[in-house]
Amino acid sequence: MSDRSGLIGLDLGGTNIKYGVCLPDGTIIDEFIRQTNKDAPAEVILNDLESAARQALDVARQKGIAIQTIGVGTPGSVDVGRGYLKGSTPNFKSWKDVPIKEILERTLQLPVYVDNDANVMAFGEYRFGAGRGYQTIISITLGTGIGGGIILNGKLFRGHNFAGGELGHMSISYRGRKCRCGGTGCWELYASATSMLENFRRWSKGREASSTREIVDLYEQGDPVARRVIETEVAMVAVGVASIINIFNPEIFIIGGGVSEAGDWFIDMIRQRVQQSAMEQSLLGVKIVRAELGNKAGWLGAAAFAREEWLNHLNAENTRLLT
Ligand SMILES: [Zn+2]
């Protein structure tokens, strides 16, 4: 058969596991989705990840692709060296303190690398999406909460104990709402998709929107409540984006998540608003763009991240053997 090599990426989310097979250049060979048993014991979730990987391995084998590495993105803080999920994750019952890498490497007999889901998403955009060619990148996803990824000089920044980069838990109001993280006034309480749906319900006195897409459609039809929700969302997103730009002065700021796919007008509105509040020198030349990979960013990023960690590991081994 052929001697093409390929990668597997798995993106564990609160609702679904998204996964697939791609080539090292990001070309997608096949991709899949299955439900997450987020209330099940950790062993069940590990079994699901393993069985998803086996399905992807079968597809690769049929297509003559030799899998080099498997990458996993998971909610929570991950000790990346050990591929170990530290502490707990708010949306999962028993997904905590899990030696993911050790267990999957034993069962799958391939190198496995694990990182936080927002980090691999940022890495996906960096390697294959809107962040291609840039070295200093901030990426956020407006979803249930706000996921954040920070890439500095071409490397993911995770903090000294792998728990940094929590952009959604930056406070924007010291007298604000209480957050499940223990903080007060966290950004994601005001600017996530969840807060858009809540605002819509509150301001329309009980009318429900099932998704941010629905609010976007209503906005485009001129609905006044949807308009208020979108304008509030833009202001709330922009206040955080401007602060983060003042701190990092990135080359590019990538915004993903359902509402960012609305159309260019959404990003344009945010850009205008950020221009009014970020520091002039910090903002100079910063591109604010929407994410390109949609919900594929996680698994593609996990796949790319794993390959690069593996190559770094091989290089380090070679250096060690030669000296
Ligand atoms: Zn918080």
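Keep in mind it's a predicted model, so treat the numbers as computed, not measured. Numbers given to residues run from 1 along each chain, matching the order in which its sequence is written. The model is predicted, so local features are restricted to residues of pLDDT at least 70 and side-chain atom pairs to those at 80 or more, both for listing and for counting; the totals for chains, interfaces and linings are taken over all residues. In computing side-chain values, all of the structure's heavy atoms are included and hydrogens and water are not.

### A short note on the coordination of the zinc ion
The rule for donors is simple: N, O or S, within 2.8 Å of the metal, or within 3.2 Å if the metal is Na, K or Ca. Water isn't counted, so a site may look like it is missing partners. Around the zinc ion, the protein contributes the donor atoms His169 (ND1), Cys179 (SG), Cys181 (SG) and Cys186 (SG), which lie 2.0 to 2.3 Å from the metal centre. A four-donor site is called tetrahedral if each angle lies between 85 and 135 degrees; a four-donor site is square planar, and a six-donor site octahedral, when trans pairs exceed 155 degrees and the remaining angles lie between 65 and 115; all other cases are labelled irregular. Taken together, the four donor atoms coordinating the zinc ion span angles of 106 to 118 degrees at the metal, a pattern that classifies the geometry as tetrahedral. Donor residues binding the zinc ion come from one chain and are separated in sequence as H-x9-C-x1-C-x4-C. Of this pair, His169 sits in the loop between β10 (155-156) and α4 (188-191) while Cys186 sits in the loop between β10 and α4, and the two are 17 residues apart along the sequence. Its relative accessible area of 22% is what places His169 among the partly exposed residues. Burial classes: relative accessible area under 20% of the type maximum marks a residue as buried, over 50% as exposed, and values in between as partly exposed (1.4 Å probe, protein chains only). When its relative accessible area of 2% is taken as the criterion, Cys186 is described as buried. Secondary structure follows DSSP: runs of H or I at least 4 residues long count as helices, runs of E at least 2 residues long count as strands, and numbering of each begins at the N terminus.

### Notes on the nonpolar core
Think of a nonpolar core as a cluster: buried Ala, Val, Leu, Ile, Met, Phe, Trp, Tyr and Cys residues, connected wherever their side-chain atoms sit within 4.5 Å. Counting 60 residues, the largest nonpolar core has Leu10, Ile67, Ile70 and Trp95 as its most contacted members. With ten residues, the top contributor of residues to this core is helix α1 (residues 42-62). Delimitation of the domains relies on an automatic or database domain assignment. No fewer than three residues from each of domain 1 (4-117) and domain 2 (130-292) sit in this core. When neighbours within four sequence positions are excluded, Trp95 is seen to be in contact with Leu12, Ala42, Ile45, Leu46, Leu49, Thr74, Pro75, Leu85, Gly87, Ser88, Thr89 and Ile100. Should any heavy atoms of two residues lie within 4.5 Å, those residues are counted as being in contact.

### Description of the sheet that holds strand β11 (residues 252-256)
Spatially, five strands are ordered β10-β9-β8-β11-β12 in an open sheet, and the strand pairing comes out mixed. The sheet is open, and its two edges are formed by β10 and β12 (287-290), each paired on a single side. If DSSP finds at least two bridges between two strands, the strands pair. Inspection of the sheet shows strand β8 (residues 137-142) paired to β11 by five bridges, in the parallel sense. Looking across to β11, one finds that Ile140 is bridged to Ile255. Every axis corresponds to a line fitted to the C-alpha atoms, with the helix fit spanning only the stretch in contact, and the corresponding angles, defined between N-to-C directions, vary from 0 to 180 degrees. Sitting on the sheet, helix α3 (residues 117-128) is in contact with β8, β9 (146-152), β10 and β11, with an inclination near 55 degrees to β9.

### Examining α3
Taking 1.5 Å per residue, twelve residues should reach 16 Å; α3 reaches 16 Å between its end C-alpha atoms and fits that length. α3 sits mainly inside the fold: ten of its twelve residues count as buried. Within the sequence span of α3, burial applies to Asp117, Ala118, Asn119, Val120, Ala122, Phe123, Gly124, Glu125, Tyr126 and Phe128. Within 3.5 Å is the distance limit for a polar contact, defined as a pair of N or O atoms, with the added protein rule that one can donate a hydrogen and the other accept it, and that residues adjacent in sequence qualify only through two side-chain atoms. Between the side-chain oxygen of the N-cap and the backbone nitrogen of Ala118 there are 2.9 Å, and the N-cap of α3 in question is Asn116. Multiplying one less than the number of residues by 1.5 Å gives the expected span of a helix.

### With respect to a positive patch on the surface
Together, Arg177, Arg202, Lys205 and Arg228 make up a region of like positive charge exposed at the surface. On the secondary structure map, Arg177 appears in the loop between β10 and α4. Residue classification places Arg177 among the partly exposed positions, given a relative accessible area of 34%. Note that patches include only residues with greater than 30% relative accessible area and no salt bridge, and the join distances are 9 Å for like charges and 5 Å for nonpolar side chains (Val, Leu, Ile, Met, Phe, Trp, Tyr). Here the open area of atoms and residues is found with the Shrake-Rupley method and a 1.4 Å probe, where only the protein chains shown may cover a residue. A carboxyl oxygen of Asp or Glu within 4 Å of a side-chain nitrogen of Lys or Arg is what we treat as a salt bridge. Charge assignment in this entry is limited to Lys and Arg as positive and Asp and Glu as negative, and neither His nor the chain termini are counted. Working definition for charges: the position is that of NZ of Lys, CZ of Arg, CG of Asp or CD of Glu.

### Focus: the domain arrangement of the protein chain
Annotation of the protein chain at the domain level lists domain 1 (4-117) and domain 2 (130-292). Contact residues are listed per partner, giving seven residues for domain 1 and six residues for domain 2. Values labelled buried area give the accessible surface lost by two parts on being combined, using a 1.4 Å probe and summing over both. Interface area for domain 1 against domain 2, summed over the two sides, is near 570 Å², with a carbon-plus-sulfur share of 46%. Here domain 1 and domain 2 share one salt bridge between them. Residue Arg158 is joined to Asp115 by a salt bridge in which the shortest nitrogen-to-oxygen separation is 2.8 Å. Looking at the side of domain 1 that touches domain 2, the element that brings in the most residues is strand β5 (residues 77-79), giving three residues. Three classes are used: nonpolar for Ala, Val, Leu, Ile, Met, Phe, Trp, Tyr, Cys and Pro, charged for Asp, Glu, Lys and Arg, and polar for all others, with Gly counted as polar. Its residues placed into classes, the side of domain 1 that touches domain 2 shows three nonpolar, one polar and three charged.

### As for the environment of Ala193
Its location among the elements puts Ala193 in helix α5 (residues 193-203). Overall, Ala193 belongs to the buried group, its relative accessible area being 15%. Along the primary structure Ala193 and Thr212 are separated by 19 residues, whereas in three dimensions their C-alpha atoms are 6.4 Å apart. If we ignore the near neighbours within four places in the chain, the residues touching Ala193 are Leu142, Gly143 and Thr212.

### Comments concerning the sheet that holds strand β3 (residues 28-35)
The five strands lie next to each other as β3-β2-β1-β4-β7, forming an open sheet whose pairing is mixed. Pairing within the sheet leaves two strands with one partner each, and these edge strands are β3 and β7 (112-116). Neighbour-to-neighbour, the strand axes of this sheet turn through a mean angle of 20 degrees, independent of strand direction. With six bridges joining them, strand β1 (residues 4-12) and strand β2 (residues 16-22) adopt antiparallel strand pairing. Looking across to β2, one finds that Leu10 is bridged to Tyr19. Here helix α2 (residues 100-108) sits on the sheet and contacts β4 (65-74) and β7; the angle it forms with β7, its principal contact strand, is near 150 degrees. Across the sheet, helix α10 (residues 297-322) touches β1, β2, β3, β4 and β7, and the angle it forms with β4 is around 110 degrees.

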